[in-house]
Amino acid sequence: MCGIIGYLGDRNGAEVVVEGLKALEYRGYDSWGVAVRSNASVSIKKQVGRISDFDDLSSLPFANIAIGHTRWATHGSATAANAHPHTCCKGRIAVVHNGIIENYQELKSSLVAKGHIFKSQTDTEVIAHLIEENVAFGYDFNTAFEKAISDLKGRFAVVAIVDSDDQLLIARKGSPLVLGMGDKEFFVASDVPAFLKYTNNVVFLEDGDVASVGSARSLRPGVTITNRGKVVTRSPKRVSWDVEGAELGEYDHFMIKEIMEQKDTILRAINQPKEDIKRISDMINLSDNVFFIGCGTAGKVAQVGSYLFSKIAGKRVDFVVGSEFPNYHDFLGSNTLLVSISQSGETADTLEAMEVAQKAGAKLVSIVNVVGSSMMRMSDYSLLCNSGPEKAVCSTKATTAQIAILAELAFACAGRLDQGLNLLESVASQVSSMLDDGISDKVRSLAKKLAGHESMYIIGRSVNFPIALEASIKMQEVPYIHAEGFAGGELKHGPIALIEPGTPCVAFVANDDVKSDMISNAMEIRSRGAFIIGIAPENDAVFDFWIQVPDAGVLSPIPNIIPIQLLSYYTALEKSCDPDKPRNLAKSVTVK
Ligand code: F6R
């Protein structure tokens, strides 16, 4: 969680950093802060609330070096004192951090015993004091920083500045950090969109990297990267994302922009190098046991994937939620394959699962959207979703891209890749027409009805059971409706007691082998008074409200989730909720 950025160059650092934080706000939006270095002193501005509401730079001096942070609170509530940057006792050193310092209590006690005075409840503040302690001992800033970093346990991305030198000092272990290499100017951020306006020439830092970025006047001019004390070379890469992809354009919110982008993103997702698809499908076919994992929405995609593999390729794949995967430790070995699904490629629980599998000798494949992410770099092979930046906190376009890629792999495993690609292309074009054809108007009228309800239930069977679960996540996180998803057969084993006259219930009824069972399940709840919303290619007497979706056969999860994405968006608008930044959430969940 949290977004960090640093700048060194000739522009007004405060402006670059505030602008970058606005692009990173999806990573955390409880509070924010900026530190700038000018005239050999460090000035700080911190505030509770959202950086997007801030545009008065006059309180910060012009400076060529600046760092900033937008926070999703973990240690200490969302107050100005807990907002980053954090400083040392004398206010000479300022630090921003993303991640968790696991041994901060121990470090803090020893620093307090040495006379350091802490101003916040955060784990981060220890870093500033540790550097200060090392400087007081006689080390230069660079060495003091390196020594402080070597004392930290946990996952972190850290950027620090000091009043006495023209440098940004940077460290990465487990949390994302990327350098932007401009023309005589440098950027560092949690994610590329923070500086995409200035450069797309980037260096993805590796775990254990410590970097110094200095101007001509600094102790160490240019960029130097070390890892375990040795200088290393990290080649710059061009990222293909463009600025428009990371901006709102004609839309009011990123969520609706990203839903609409599904007109193209499904096609982009299946446009994978054939040799990669072949290699990974061979690995799946040859492995003794294959696990698909992910968290939240990506977890539901993983579950859809296990059904697709069973239905398309007759191949057993186990689905496990990322955070539960370590419990499967005893079933892992050198002939195990772990396929991790993630938009960000940074989700801590999924990364930990990958570490567990790697230690047991398993092979790792990931399906991720963010180029250069931790999962991508940790995996033996990766497939990119090619969805472009996904900035709304809830996942939409990456979800359908991931399902499409899993379907492509399933067809490849079945030796029917070309047939699968044809089917996927036709689903992509069906989705495109559905989004063009004014489905939004119908969904919007339903959103008006739903906005007044506190609870709803969602059912699906087979490939659409995980879609019912995913639909419930969408209705919970965007318009804050208490939504629960169930396998169609399950409601009557208990939850049916909750159905009252008028309770909204969504039923996914695809044209498949479970259609008649789904209709029976819808009837069971309708006869208890439920208001049935059918998402189906064909209308049925049991539906009180019908949303037509294209008939996509076994690929029905792709079109089926789209009306729900729209429904959650429009219901959020009806309830005046911010669809891009739901309460208590952040885009990239880098804590366990
Ligand atoms: C919900 C949502 C989350 C993410 C989850 C995993 O809309 O976006 O549930 O799916 O936090 O994130 P990634 O995909 O980045 O691993």
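Heads up: these notes are all about the structure in this document. What you see is a predicted model, and the numbers here were worked out from it, not measured in a lab. (Residues numbered from 1 in each chain as written. Predicted model: local features only at pLDDT ≥ 70, side-chain atom pairs only at ≥ 80, totals over all residues. Heavy atoms only, no water.)

1. Re the pattern of salt bridges
Convention followed: Basic side-chain nitrogens of Lys or Arg form a salt bridge, by our definition, when they fall within 4 Å of a carboxyl oxygen of Asp or Glu. Helix and strand definitions follow DSSP, with helices as H or I runs of at least four residues and strands as E runs of at least two, each counted in order from the N terminus. The classification of residues rests on relative accessible area computed with a 1.4 Å probe and restricted to protein chains. Under 20% of the type maximum is buried, over 50% is exposed, and intermediate values are partly exposed.
Using the criterion set out here, one finds 28 salt bridges in the structure. Put simply, Glu25 and Lys581 hold a salt bridge, and the shortest N to O gap is 3.4 Å. Taken together, the residues Glu25 in the loop between helix 1 (13-24) and strand 2 (31-38) and Lys581 in the segment after helix 16 (557-574) connect sequence positions 556 residues apart. Each of the two residues, Glu25 as well as Lys581, counts as buried. Ionic pairing is found between Asp436 and Lys263, a salt bridge with its closest N-O pair at 2.8 Å. In this pair, Asp436 sits in helix 12 (residues 417-436) while Lys263 sits in helix 6 (residues 262-270), placing the two residues 173 residues apart along the sequence. Shared partners join several salt bridges into a network, and the residues in it are Arg37, Asp166 and Arg217.

2. Topic: helix 11 (residues 397-413)
Cut-off, in case you're wondering: The span one expects for a helix is its residue count, reduced by one, times 1.5 Å.
Its 17 residues give helix 11 an end-to-end C-alpha distance of 25 Å, which sits within 8% of 24 Å, the value for a rise of 1.5 Å per residue. When you tally the buried positions in helix 11, you get 17 out of 17 residues, the bulk of the element. Of the residues flanking the end of helix 11, it is Gly415, one or two places downstream, whose phi is positive at about 75 degrees.

3. Quick word on the packing of aromatic side chains
Put simply, the test is: Any two of the Phe, Tyr and Trp rings considered here, Trp counted by its six-membered ring, make a pair once their centres fall within 6.5 Å; the pair's planes then place it as stacked at under 30 degrees, edge-to-face at over 60, or tilted in between. Only lysine NZ and arginine CZ atoms are considered, and such an atom sits over a ring when it is within 6 Å of the ring centre and within 35 degrees of the ring normal.
For the coordinates displayed, the defined rule picks out 12 aromatic pairs. On the numbers, 5.5 Å between centres and 25 degrees between planes, the contact of Phe137 with Tyr139 is stacked. A relative accessible area of 66% means that Phe137 is categorised as exposed. On the basis of an interplanar angle of 5 degrees and a centroid distance of 6.3 Å, the ring pair of Phe325 and Tyr328 is categorised as stacked. Following the ring pairs from residue to residue traces out a cluster consisting of Tyr7, Phe187, Phe195 and Tyr198. For the cation-ring pair, Arg583 lies above Tyr480, with the distance from its terminal atom to the ring centre recorded as 3.8 Å.

4. Topic: the nonpolar core
Note the cut-off: Here, nonpolar core refers to any group of buried Ala, Val, Leu, Ile, Met, Phe, Trp, Tyr and Cys residues whose side-chain atoms link them within 4.5 Å. We call two residues contacting when some pair of their heavy atoms lies within 4.5 Å.
Grouped together as the largest cluster of nonpolar side chains are 85 residues, with contacts concentrated most on Phe292, Ile367, Leu409, Ile458, Phe508 and Leu566. When residues of this core are assigned to their parent elements, the largest contribution, 11 residues, is made by helix 11. Each residue touching Leu409, except ones within four places of it in the same chain, is listed here: Ile277, Ile280, Ser281, Ile284, Phe309, Ile367 and Leu383.

5. Brief notes about the sheet that holds strand 13 (residues 222-227)
Heads up, the condition is: A pair of strands is treated as paired once DSSP finds two or more bridges between them.
Read across the sheet, seven strands follow the order 5-6-7-8-12-13-14 without closing on themselves; strand pairing throughout is antiparallel. Whereas interior strands pair on both sides, the edge strands pair on one side only; in this sheet they are strand 5 (86-87) and strand 14 (230-231). With two bridges joining them, strand 13 and strand 14 adopt antiparallel strand pairing. Paired with Asn227 across the two strands is Lys230, which belongs to strand 14.

6. A short note on the environment of Ser472
Position of Ser472 relative to the elements: it lies in helix 14 (residues 465-477). Taking C-alpha positions, Ser472 is 15 Å from Ile532, a pair spaced 60 residues apart along the chain.

7. Quick word on the environment of Leu566
Position of Leu566 among the secondary structure elements: in helix 16. The exposure class assigned to Leu566 is buried, which follows from its relative accessible area of 0%. Taking the C-alpha atoms as reference, Leu566 lies 6.8 Å from Val443; in sequence the two are 123 residues apart. In contact with Leu566, other than residues within four places in its own chain, are Ile256, Ile259, Leu435, Ile439, Ser440 and Val443.

8. A few points about the site of the ligand
The line we're drawing: Working definition: residue near molecule or strand if any one of its non-hydrogen atoms lies within 4 Å of it. In protein, a polar contact requires one atom able to donate a hydrogen and another able to accept it; more generally it is a pair of N or O atoms within 3.5 Å, and residues adjacent in sequence count only if both atoms are side-chain atoms. The Shrake-Rupley method, run with a 1.4 Å probe, gives the accessible areas here. Residue values count only the displayed protein chains as cover. Under the grouping applied here, Gly and all other residues not named as nonpolar or charged are polar, the nonpolar ones being Ala, Val, Leu, Ile, Met, Phe, Trp, Tyr, Cys and Pro and the charged ones Asp, Glu, Lys and Arg.
Of all residues adjacent to the ligand, which total 14 residues, the nearest are Ser342, Gln343, Ser344, Thr347 and Glu477. Gln343 has a polar backbone atom sitting 2.7 Å from an oxygen atom of the ligand. One of the backbone nitrogen or oxygen atoms of Ser395 is found 3.0 Å away from an oxygen atom of the ligand. When isolated, the ligand has an accessible area of 400 Å², and the protein chains bury 89% of it. At the level of elements, helix 8 (296-313) and helix 14 are the ones that each hand at least two residues to the shell around the ligand. Considering each element in turn, the shell around the ligand owes the most residues, three residues, to helix 8. Per-class residue counts for the shell around the ligand are five nonpolar, seven polar and two charged.

9. Points about the packing of helix 3 (residues 125-137) against helix 4 (residues 141-150)
Put simply, the rule reads: Axis angles are defined between N-to-C directions and span 0 to 180 degrees, where every axis is a line fitted to C-alpha atoms and, for a helix, only to the segment in contact. Oblique is the label for any angle not covered by the other classes, which are roughly parallel (under 35 degrees), roughly antiparallel (over 145) and roughly perpendicular (65 to 115). Here is the rule for handedness: rotate from the far helix to the near one, and if that takes an anticlockwise turn smaller than a right angle the crossing is left-handed, while a clockwise turn gives right-handed.
Remark: helix 3 packs on helix 4, axes separated minimally by 8 Å, with the N-to-C direction vectors making an angle of 130 degrees. One finds that helix 3 runs oblique with respect to helix 4. By crossing handedness, the relation of helix 3 to helix 4 is classed as right-handed. Two secondary-structure elements touch here, helix 3 through Leu130, Ile131, Asn134 and Val135 and helix 4 through Phe141, Ala144, Phe145, Lys147 and Ala148.

10. Some words on the packing of helix 2 (residues 104-113) against helix 3
Put simply, helix 2 and helix 3 touch, their axes get as near as 10 Å, and they point 45 degrees apart. One element, helix 2, and the other, helix 3, form an angle in the oblique class. In this structure, helix 2 crosses over helix 3, and the sense of that crossing is left-handed. Of the residues in helix 3, those touching helix 2 at Tyr104, Leu107, Lys108 and Leu111 are Val126, His129, Leu130 and Glu133.

11. Some points on the sheet that holds strand 18 (residues 336-342)
Taken in spatial order, the five strands make up an open sheet running 17-16-18-19-20, and their pairing is parallel. Of all the strands in the sheet, the pair left with one neighbour each is strand 17 (318-321) and strand 20 (381-384). Across the sheet, the axes of successive neighbouring strands diverge by a mean angle of 20 degrees, strand direction being ignored. Sheet topology places strand 16 (residues 289-294) next to strand 18; five bridges connect them, and they run parallel. Looking at strand 18, one finds that Asn289 is bridged to Thr336. Here helix 9 (residues 348-359) sits on the sheet and contacts strand 16, strand 18 and strand 19 (363-368); the angle it forms with strand 18, its principal contact strand, is near 165 degrees. This element, helix 11, spans strand 16, strand 18, strand 19 and strand 20 of the sheet and lies at about 135 degrees to strand 19.

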